[in-house]
Amino acid sequence: MSEYCIVNAADAADAVLEMTVVPSFSRIGPAVRSRLEHWTGTDSYQLDGRVIVITGATSGLRRGAARGGVSAGAAVEVLARNGEKAAATVKQLRDEIAGASVTATIADTADLDALRTAAASLRARHERIDVLVHNAGALDQRHSYAGNGIEQTIASQVVGPFLLSALLFEPLTAAGPGRIVWVSSGGIYTQPLSVDQLTIGPIGYRGSVADARAKRAQVTLTEMMAQRVDRSALVVHSMHPGWALTPGVERSLPTFRRALGPLLRTAEQGADTLVWLAADDGAPLASTGKFWLDRRVRSVHKSKVTREADTAAERSRLWQWVIDASGADFPPVEAPSG
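In this text the structure is predicted, and so the values were computed from the model without any measurement.

This paragraph deals with the overall build of the chain. Assigned secondary structure in the chain consists of 15 helices and 8 strands. Relative to the compact-globule value of 20 Å for 338 residues, the chain shows a C-alpha radius of gyration of 19 Å, a close match. When the backbone C-alpha atoms are referred to their principal axes, the chain occupies close to 60 × 50 × 40 Å. As displayed, the chain offers around 14,500 Å² of accessible surface, 53% of which is attributable to carbon and sulfur atoms.

Taken together, the side chains of Val22, Ile28, Val32, Leu36 and Leu263 define a hydrophobic patch exposed on the protein surface, amounting to about 310 Å² of accessible area. Tallying contributions element by element places helix H3 (residues 28–37) first for the nonpolar patch, with 3 residues.

Burial within strand S6 (residues 234–239) is extensive, with 6 of its 6 residues counted as buried. Going residue by residue along S6, you find Leu234, Val236 and Ser238 tucked away on one face and Val235, His237 and Met239 tucked away on the opposite face as well. A crossover links strand S5 (residues 178–183) with its parallel partner S6, the connecting element being helix H9 (residues 207–227), and its sense is right-handed. Examined bridge by bridge, S6 and strand S7 (residues 291–293) share 2 bridges and lie parallel to one another.

The next point concerns the environment of Arg63. Along the chain, the position of Arg63 falls in helix H4 (residues 60–71). Separated by 198 residues in the primary sequence, Arg63 and Gly261 place their C-alpha atoms 22 Å from one another.

This part covers the sheet that holds S6. The strand order across the open sheet built from 8 strands is S3-S2-S1-S4-S5-S6-S7-S8, with neighbouring strands paired in mixed fashion. Each end of this open sheet is capped by a strand with a single partner; those strands are strand S3 (101–106) and strand S8 (296–297). Set on the sheet, helix H12 (residues 267–279) makes contact with strand S4 (131–134), S5, S6 and S7; between it and S5 the angle comes to about 165°.

All chains considered together, the criterion is met by 1 cavity of 30 Å³ or more. For the largest cavity, the calculated volume is near 80 Å³. Mapped by element, the contributors of at least two residues to the lining of the largest cavity are strand S1 (51–55), H4 and H12. Top element by residues in the lining of the largest cavity is H12. It accounts for 4 residues. Taken together, the residues of the lining of the largest cavity break down into 9 nonpolar, 2 polar and no charged.

Procedures and definitions
- Residues numbered from 1 in each chain as written.
- Predicted model: local features only at pLDDT ≥ 70, side-chain atom pairs only at ≥ 80, totals over all residues.
- Heavy atoms only, no water.
- Helix = DSSP H or I, 4+ residues; strand = E, 2+ residues; numbered from the N terminus.
- Rg over C-alpha atoms; globule rule 2.2 N^0.38 Å.
- Areas by Shrake-Rupley, 256 points an atom, 1.4 Å probe, with all protein chains shown as cover.
- Patch = residues over 30% accessible without salt bridge, like charges linked within 9 Å, V, L, I, M, F, W, Y side chains within 5 Å.
- Salt bridge = Lys/Arg side-chain N within 4 Å of Asp/Glu carboxyl O.
- Buried < 20%, exposed > 50% of the residue type's maximum accessible area, 1.4 Å probe, protein only.
- Right-handed = clockwise from strand over helix to strand, strands pointing away.
- Pairing = 2+ DSSP bridges.
- Contact = heavy atoms within 4.5 Å.
- Axes fitted to C-alpha atoms, helices over the stretch in contact; angles between N-to-C directions.
- 1 Å grid on protein atoms, 1.4 Å probe; cavity = no way out; pocket = protein on both sides within 12 Å on 5 of 7 lines; lining within 4 Å.
- Points joined across faces, edges and corners; volume = space filled by probe spheres on them.
- Nonpolar A, V, L, I, M, F, W, Y, C, P; charged D, E, K, R; others polar.

In structure tokens, the structure reads:
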């Protein structure tokens, strides 16, 4: 069979999967796509000498991504808010992988002062950071405010990561190119871009809605950040892990967990595209500002509602809102001080 036929078969299968949500987002998606497209195994990459910073890497997809980086020989920095869980993750990875280079830095991504301290520590240890993965943040069913007065979900998943990107801009671009990867979700398809509705108050709060609005902001910021930096210095992508069985899903979405059951992806399947975007020197570096699922670029819209809300004016409002909330611009106007 010719390579042309193989590619067409993969494209045709992918299109069928994308026609309805369940086959594409469930474990069926990577099972079919990986075989037809002959994915390079994530355990085949050699990342010796590279530095990867992963926020919240103490469970689920995040721990899977950290394990993938360490296994490939990278120096992995785990940035987490819970010191005990971070220490346990570091110990586990060192016990499982001979010669593992993994270090923990403690900071809540909703705490901007803690992030500034953590970034200074990371810059002191590393002149070059190859990959920054934004994956911190939980789906909280109860409303709360971060110390800066912003709703916790938006603070930890949007404002904090934006600030950290600016603070680590110099070591990231020193990698030439560095990479920023935002871990988003399919929730973006349910929520339009709206700065006025970005944060939800305690009355009528729904964790799933707050999370989806944060994810919508993330993919928009991905595109806008990419427009502001030359691809030779830094690429910025976002990705959707599909519906994966993680501790967060079991804790926060028990009904969803019961309904999908065996169709949920494993944590490894969910983390595959994340590890690939962080490690592969082909397609992930050939573009910037894209949204990925199962190693393919995807549209950030599936409905007229979200597409029509995604205007230049609303994007500008989001950018200014995040600048005001974080106290940083991207690229930073001035190099961050140590």
